[in-house]
Amino acid sequence: MKFSELKIQKNILRALREAGYEQPTPIQQRAIPLVLAGRDVLGCAQTGTGKTCAFSVPIIQRLSGEKGKPGVIRALILTPTRELALQIYENVCQYARYTACTAAVIYGGVSQVPQVEAIGRGADILIATPGRLWDLMGQNVVKLNKVECFVLDEADRMLDMGFFPDVKRIVKCLPAKRQTLLFSATIPTEIAALADSMLRDPEHIAVTPSAKPVDKIEQKVYFAERAEKRELLATVIRQSNVHQTLVFTRTKHGADRVARDLNRAGIKARSIHGDKTQNQRQRALSEFKACKIAVLVATDIAARGIDISELPLVINFDLPNVPETYVHRIGRTGRAGQEGTAISFCDKSERPYLKDIEKLIGKSIPVAGEIPHQETTPAPAPRETAQRRTTNNRTRRKQVSENASAEAVAAEAAAEKAAKQKARKAKAEAKRPARREKAAQVQAEQKAKAAAPRAKRAASGGRGRRGDPYARYEKNEPRVDAHTPSRAYALSDEAAERIRKKVEAALAARAAGAVATAPAQEEKKKAPARRHHRRTRK
């Protein structure tokens, strides 16, 4: 079948051809005619099967063929993550490039100003995440009273991320008369209940059984303890010899740590998770798509909606505790019928998760084999020292643990950890007396250093800080203190007589001057009073 057989307009067919679409996928073949007919749809299909095209192309065709008020939101597509919202927006713009339909996207983590401006310019189709949409609805920036078609994409992911309360509030603001499309990879009880409340006589589409992985994905598992996973990851990536690898961890901190370890090992990697800014996430994703970095380490926020064409390898560094999440993770590879490989690392604590995953997918995941490791040293010689014998015994224990079961590996790792702790404690006990002796020596040096100035002042005979200021003079040497008048000056009799005469002459001159100026000053004081008297008489 071809897209032209689905009664799609020529201008949209042209855009699809330019985007590289040749034949519709099964879900596109079944969903596009139903959406064009205005029916409600409940679609269950695994990720990577072409759901975005299945609902966006018929919506674009319906809106472009019907006249509506310019700038009014007529279709709403609600998605759980920012990355998926951006991806759907790019696809919608690609499909509608030769039509009159316009689109806008809003999501959190960035400034709302450009998003509000885009809405103000007018958009027929709005792609949004629940949090930012509800925020802008509260500001009266977004109005949904004219929505004709509502799409809830990745509904099970909405449930996992706790967005269902926001979704229900948003649905209450939509017109009762509308077309509703709900797509999900799994249909748990909560999703089924939501579908019953939202959809009217829906058409059910199930392209593949719920949450079944693509058969072309080759799945493997390594049984390795957490301490062995870091080295194993770098080894597997090097041996796989692929251009792109997507690694999943359970926590944000774990994603950052794994990315740092890979960079130290010479493998260029970046991490992406919820604590990263939107710009950082987009930059890391774009660099990964452009093959500028070899490995992208992500949490489950990137498990859905990230369309990376021809991704050859996905590695689960940590197994997810939700079996459906495993399906979405490995679904990043093997998209659209292509082949891919998914490798998982499983430690003892993750064995129950592995059983749940195998129960969900309906088959056992084959074991990849022995963990790659370095060659160990041969058996010890009879005359070797006790220290070398201990080292070789540790090496042999590590070799046995790598080839044993997960339980044996856990027991061996616990024993080795206890031995290391005991050795560290003994080493600390041995160093304790030396540390005390060194501390006492440092304390004695500080005391001696503090006592040195006091001893110096005592030796100089001074009681204060400066001591005797005349200690530098000889006993019979004449001393002159210019700053203390009470001190006696050591001068000759002739010099003393000359100074006395000069002082007496200066005092006599001063007294004579004072007597001469007295009458003039008295006359000056009387002058203002006379002038005042003349003014009064006039």
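Only a predicted model underlies this, so the values are computations on that prediction, with no experimental measurement involved.

(A) Here's a closer look at unusual backbone geometry. Even without a glycine there, the phi angle at Asn140 is positive, about 60°. For Asn140, the location among the structural elements is in the loop between helix H6 (130–138) and strand S5 (149–152). Asn140 gets classed as exposed once you look at its relative accessible area, which sits at 60%.

(B) Quick peek at the nonpolar core. Core analysis: the largest hydrophobic core is formed by 39 residues, its most contacted members being Ile8, Leu16, Ile59, Ile125, Ile127 and Leu181. Residue contributions to this core peak at seven residues, all from helix H3 (residues 51–65). Beyond its immediate stretch of four places on either side in the chain, Ile59 contacts Val35, Ala75, Ile125, Cys149, Val151 and Leu181. Formed by 33 residues, the second largest nonpolar core is a distinct cluster that contains Ile106, Ile119, Phe150 and Met198.

(C) Broad picture of the sheet that holds strand S8 (residues 217–223). Across the sheet, six strands lie side by side as S8-S13-S12-S9-S11-S10; this open sheet has parallel pairing. Two strands close off the open sheet at either side, each with one partner strand: S8 and strand S10 (269–272). The mean inter-strand angle of the sheet, taken between neighbouring strand axes irrespective of direction, is 20°. The pairing of strand S12 (residues 313–316) with strand S13 (residues 340–346) spans four bridges and is parallel. Bridging from a neighbouring strand, Ile315 pairs with Ile343 of S13.

(D) Looking closely at helix H4 (residues 82–95). For H4, with 14 residues, the first-to-last C-alpha span of 20 Å sits near the 20 Å given by 1.5 Å per residue. Buried residues of H4: Glu83, Leu84, Ala85, Leu86, Gln87, Ile88, Asn91, Val92 and Tyr95, and no others. One side-chain oxygen at the N-terminal end of H4 lies 3.3 Å from the backbone nitrogen of Leu84; it belongs to Thr81.

Reading guide: rules and limits
Numbering of residues begins from 1 in every chain and follows the order in which that chain's sequence is written. Where local features are concerned, this predicted model is filtered to residues with pLDDT of at least 70; where side-chain atom pairs are given and counted, the filter is 80 or more; whole-chain, interface and lining totals use all residues. The basis for every side-chain value is the complete set of heavy atoms in the structure, and neither hydrogens nor water enter the calculation. Here a helix means four or more residues in a row that DSSP labels H or I, a strand means two or more in a row labelled E, and each is numbered from the N terminus. Categorising residues by exposure relies on relative accessible area from a 1.4 Å probe, with only protein chains included: less than 20% of the type maximum marks a residue as buried, more than 50% marks it as exposed, and the intermediate range marks it as partly exposed. Side-chain atoms within 4.5 Å link the members of a nonpolar core, which is a set of buried Ala, Val, Leu, Ile, Met, Phe, Trp, Tyr and Cys residues. By definition, residues are in contact when any of their heavy atoms lie within 4.5 Å. The criterion for strand pairing is that DSSP finds at least two bridges linking the strands in question. Every angle, taken between N-to-C directions, lies between 0 and 180 degrees, and every axis is a line fitted to C-alpha atoms, over only the stretch in contact when it is a helix. A helix is expected to reach a length of 1.5 Å times the quantity of its residues less one. We define a polar contact as two N or O atoms separated by no more than 3.5 Å, with the added condition that, inside protein, one atom must be a possible hydrogen donor and the other a possible acceptor, whereas residues neighbouring each other in sequence contribute only through side-chain atom pairs.

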